Amino acid sequence: MACEFVVLVPDEHQRVGTRSVADVVLRQMEAIEEIENALTVYRGDSEIARVNASAFEQPVHLKPATFDLLAKATSLAEQTRGAFDITAGPLVETWGFTKREGRKPKPDEITSARKRVGWKHLILDAENRTVRFAVDGMSINLGAIGKGHAIDVLAAALRAEGMRDFLIHAGHSSVLAAGDQQPADDPEVAEVEVDAERPKGWLVGVSHPTRPGRRLGGLWLRDEALSTSGSGKQFFHHQGKRYGHVIDPRTGYPAGQWLSLTLTTTHAVEADALSTALFVMGNDDAKAYAAEHGIGLILVSAGKRQEEVVIDKSGPLNWHNS
């Protein structure tokens, strides 16, 4: 997943039963490596690599968690009318973004890649827990949903251990906040008067899309997930036109009229996938989808001057200017 996973807790010295919170977190974070080993396309022995190598010739049997994730991904693809599509890998590769070497492909290259893309060509058999490709040359890449899935798995494990207050982030772009940054039952907090106007939860910064280290503001998150997608960092110019790395699987061309899109929803797996999907959809469809599903949305576009940005917020957001 090409990023570090970080777990924050209100008090590193707190106990969970007889164990320290650090021991609990470190033990449960071992699952992240297992998920990476199953989902990565950069290891020939991973489940997904095995699917990509053999699923056109024969059905490939999957572990329950991996099969369920593919089922979730296809459900989200259907809900977003193909704006989210885990089979878009051939298009990303054609544009050179797989190796971070962006290039403008010829129209016939895009046409060829599009023939190998399409979530409807992904055949899932729930009874036998297998996957098969209907088109030769297809491949799956879970880069736009894997981090969210891993965060949800880790969060569920921490809750099962009895932890209520924590924040998980993967590379800063995928976040899940559980409980409060300053729990009300914390003895140190209880001794002081808590500001009734302060929203409960965790204060999470929203980064400037083109200026590393600078924040546009913050959001209070409580039992919510956040994800950011955008082309502010990965792009190239060709004949004066800017091309970002987020490809619309329905057209084969880079999509997105913004530098970044940030959204909030209940689960990290959905936030991860939908931030990509809504970025691809465009302004009207993205806002309509967010409004229909109760999603908080932050759209950041380029301003008139260099490094200037315009922020458009909608939906259920607890925004904090900072």
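Cut-offs applied
Residues numbered from 1 in each chain as written. Predicted model: local features only at pLDDT ≥ 70, side-chain atom pairs only at ≥ 80, totals over all residues. Heavy atoms only, no water. Helix = DSSP H or I, 4+ residues; strand = E, 2+ residues; numbered from the N terminus. Rg over C-alpha atoms; globule rule 2.2 N^0.38 Å. Buried < 20%, exposed > 50% of the residue type's maximum accessible area, 1.4 Å probe, protein only. Phe/Tyr/Trp six-rings, centres within 6.5 Å; stacked < 30°, edge-to-face > 60°. Pairing = 2+ DSSP bridges. Axes fitted to C-alpha atoms, helices over the stretch in contact; angles between N-to-C directions. Contact = heavy atoms within 4.5 Å. pLDDT = per-residue confidence, 0-100. Core = buried A, V, L, I, M, F, W, Y, C linked by side-chain atoms within 4.5 Å.

1. Brief notes about the overall build of the protein chain
Across its full length, the protein chain holds 10 helices and 17 strands. A compact globule built from 322 residues should have a C-alpha radius of gyration of about 20 Å, and the protein chain, at 21 Å, falls within 12% of that. Its C-alpha atoms put the protein chain at 70 × 55 × 35 Å along the principal axes. Looking at the 322 residues of the protein chain, the share that counts as buried comes to 46%.

2. Some remarks on the packing of aromatic side chains
One pass over the full model with this rule turns up two aromatic pairs. With centroids separated by 5.7 Å and ring planes inclined at 70°, the aromatic side chains of Trp-95 and Tyr-253 adopt a geometry described as edge-to-face. Placement of the pair is Trp-95 in the loop between helix 5 (89-94) and helix 6 (107-114) and Tyr-253 in the loop between strand 13 (241-244) and strand 14 (260-265), with a sequence separation of 158 residues. The partly exposed category is assigned to Tyr-253, whose relative accessible area is 34%. For the pair Trp-258 and Phe-279, a centre-to-centre distance of 6.0 Å together with 65° between the ring planes defines the contact as edge-to-face.

3. A few points about the sheet that holds strand 7 (residues 166-170)
Taken together, the seven strands give an open sheet; going across it, the order is 1-7-8-11-14-15-16, and neighbouring strands pair in antiparallel fashion. The open sheet has two edge strands with one neighbour each: strand 1 (5-8) and strand 16 (309-314). Taking the axes of each pair of neighbouring strands and ignoring which way they run, one obtains an average angle of 10° across the sheet. Against the sheet, helix 7 (residues 146-160) engages strand 1, strand 7 and strand 8 (174-178), with an angle of about 160° to strand 7. Against the sheet, helix 10 (residues 283-292) engages strand 15 (296-302) and strand 16, with an angle of about 160° to strand 15.

4. Re unusual backbone geometry
Phi angles above zero are rare outside glycine, and Arg-81 is one such case at about 55°. In this structure, Glu-307 is a non-glycine residue whose phi angle is positive, near 70°. By the secondary structure assignment, Glu-307 is in the loop between strand 15 and strand 16.

5. Topic: the confidence of the model for the protein chain
Summing up the model confidence of the protein chain, the mean pLDDT is 90 and the portion of residues at 70 or higher is 94%. Taken together, the stretch residues 189-194 has pLDDT below 50 and engages in four contacts with residues farther than four places along the chain or on a different chain.

6. A short note on the nonpolar core
In this structure, Ile-140, Leu-142, Ile-145, Leu-158, Phe-166 and Leu-278 are the most contacted members of the largest nonpolar core, which totals 64 residues. Counting residues per element, this core draws most heavily on helix 9 (residues 268-281), at 10 residues. Once residues lying within four places of it in the same chain are set aside, the contact partners of Ile-145 are Leu-69, Ala-73, Leu-76, Phe-84, Val-269, Asp-272 and Ala-273. Listed in part, the 12 residues of the second largest apolar core include Leu-167, Val-175, Ala-177 and Ile-298.

7. Thoughts on the sheet that holds strand 4 (residues 60-61)
Two orientations exist for strands paired in a sheet by backbone hydrogen bonds: parallel and antiparallel. Spatially, the three strands line up as an open sheet ordered 4-6-5, and their pairing is antiparallel. What marks the edges here is a single partner per strand, and that holds for strand 4 and strand 5 (122-125). Alignment of strand 4 against strand 6 (residues 130-133), held across two bridges, turns out to be antiparallel. Bridging across to strand 6, Val-60 finds its partner in Val-131. Docked against the sheet, helix 4 (residues 64-79) engages strand 5 and strand 6, running at close to 130° with respect to strand 5.

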